[in-house]
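In case you want the letters, here they are:
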Amino acid sequence: MNKLENAVERILIPEDKIAARVKELGAQISKDYAGKNPIIVGMLRGAIIFYGDLLKNVKIPCTLDFMCLSSYNGTCSTGEVRFLLDLRGSIAGRHVIIVEDIVDTGLTLDYVLKNLSHRGAASVAVCTLLDKPSNRKTKVPVKYTGFEIENEFVIGYGLDCDELYRNLPYIGVYKNR
Ligand code: 5GP
């Protein structure tokens, strides 16, 4: 049988560690944004599981919205960012939190932040589950980080390789066969 786990070289961050950190991030956001009714933007599709789990730990009123961009092909960044889905609502005068799966070169986030900067938000902050700072090509402001990781290609907990393995419950290093 073609098992999901066969694509994993080793587990990098197990489920319980992710859950504990996501709880902390949710608590911090709830504290920082109390009374601000933020718009929490899920970046499709990689952030989908993180986004759902994070929201369960955000204990203040908030609005949900989504964006979808693409820059990856397999395990390689194409360097070219494409907009596939834009926000449904206006962000004018609102506090926005962008929820990402991983910041790698920073090019995707840079593109998103530049695009949103013309829309009159009261503030825009970034919350990412994973950060690979060693691979950064452009400086991007990240307010909340789950885990910093080495420059390895990871899958699971929403992160894919060619649209597979998003449903692994943990973060694993991809086995490059
Ligand atoms: P950046 O523009 O910062 O280089 O890349 C951002 C996007 O690339 C992420 O949202 C994610 O979709 C993808 N990406 C970057 N590194 C990895 C990785 O290690 N694993 C997976 N599955 N996707 C990655």
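Residue numbers here run from 1 along each chain, matching the order of that chain's written sequence. Only residues with pLDDT of 70 or above have their local features reported here, since the model is predicted, and side-chain atom pairs are shown and tallied only from 80 upward, although totals for entire chains, interfaces and linings are computed over all residues. Excluding hydrogens and water, the side-chain values take into account all heavy atoms of the structure.

1. Digging into the overall build of the chain
Looking only at helices and strands, one finds 3 helices and 9 strands in the chain. Each of the three principal axes of the chain carries a C-alpha extent, and together these read 50 × 35 × 30 Å. The buried label goes to any residue with under 20% of its type's maximum accessible area, the exposed label to any with over 50%, and the partly exposed label to all in between, with areas taken from a 1.4 Å probe on protein chains only. Taken across its 177 residues, the chain has 47% of its residues classed as buried. By definition in these notes, contact holds between two residues if any of their heavy atoms fall within 4.5 Å. Considering only contacts in the chain between residues 6 or more positions apart, those separated by 24 or more positions represent 68%. Total accessible area computed for the chain in this model is approximately 9200 Å², and 50% of it derives from carbon and sulfur atoms. Working convention for charge: Lys and Arg count positive, Asp and Glu count negative, and His plus the chain ends are omitted. A charge is said to be at NZ when it belongs to Lys, at CZ for Arg, at CG for Asp and at CD for Glu. Taken together, the 23 basic and 21 acidic charged side chains of the chain have centroids lying 4 Å from each other. Helix and strand assignments follow DSSP, with helices taken as H or I runs no shorter than four residues and strands as E runs no shorter than two, numbered in order from the N terminus. The protein chains shown are the only cover counted for residues, whose accessible areas, like all others here, come from Shrake-Rupley with a 1.4 Å probe.

2. Some remarks on the site of the ligand
The full set close to the ligand counts 16 residues, and Asp101, Thr105, Thr108, Val154 and Asp160 are the nearest of them. Here a polar contact is recorded for every N or O atom pair within 3.5 Å, except that within protein the pair must consist of a potential hydrogen donor and a potential acceptor, and residues adjacent in sequence are included only if both atoms are side-chain atoms. Between an oxygen atom of the ligand and a main-chain N or O atom of Gly106, the distance comes to 2.8 Å. For the ligand, whose free accessible area comes to 510 Å², the fraction covered by protein is 92%. Every element with two or more residues in the shell around the ligand is listed here: β5 (95-103) and α3 (107-116). Counting residues per element, the shell around the ligand draws most heavily on β5, at 4 residues. Within the shell around the ligand, the residues separate by chemical class into 7 nonpolar, 3 polar and 6 charged. Note on terminology: near, applied to a residue and a molecule or strand, indicates that one of the residue's heavy atoms is within 4 Å of it. In this classification, Asp, Glu, Lys and Arg are treated as charged, Ala, Val, Leu, Ile, Met, Phe, Trp, Tyr, Cys and Pro as nonpolar, and every other residue, Gly included, as polar.

3. What to know about the environment of Ile60
As for its placement among the helices and strands, Ile60 is situated in the loop between α2 (48-56) and β3 (63-73). Between the alpha carbons of Ile60 and Thr108 there is a distance of 28 Å; along the sequence they are 48 residues apart. Among residues more than four places away in sequence, those in contact with Ile60 are Ile29, Ser30, Tyr33, Ala34 and Pro38.

4. Topic: the pairing of strand β9 (residues 171-174)
If DSSP finds at least two bridges between two strands, the strands pair. As defined by bridge partners, strand β1 (residues 8-13) adjoins β9 across 4 bridges and the pair is classed as antiparallel. The residue bridging Arg10 from the neighbouring strand is Val173, located in β9. Pairing of strand β8 (residues 154-155) with β9 involves 2 bridges; the strand directions are antiparallel. Following the sheet pairing, Ile155 is matched in β9 by Gly172.

5. Side note on the pattern of salt bridges
Think of a salt bridge as a Lys or Arg side-chain nitrogen and an Asp or Glu carboxyl oxygen that are within 4 Å of each other. What the rule picks out here adds up to 10 salt bridges. A salt bridge links Glu24 to Arg21; the shortest N-O distance between them is 2.6 Å. Of this pair, Glu24 and Arg21 both sit in helix α1 (residues 15-32), 3 residues apart, which is roughly one turn of the helix. Judged by its relative accessible area of 47%, Glu24 falls in the partly exposed class. Assessed through its relative accessible area of 23%, Arg21 is described here as partly exposed.

6. Here's the deal with the state of the cysteines
Here, two cysteine sulfur atoms that lie within 2.5 Å of each other are counted as a disulfide. For the coordinates displayed, the defined rule picks out 0 disulfides. Just so you know, Cys62 is unpaired, no disulfide at all, and the nearest cysteine sulfur is the one on Cys127, 12 Å from it.

7. Some remarks on α2
Buried residues of α2: Phe50, Tyr51, Leu54 and Leu55, and no others. Taken end-on, α2 shows its buried residues confined to a sector of 125 degrees, consistent with a single buried face. The directions from the helix axis to the C-beta atoms are what the arc is built from.

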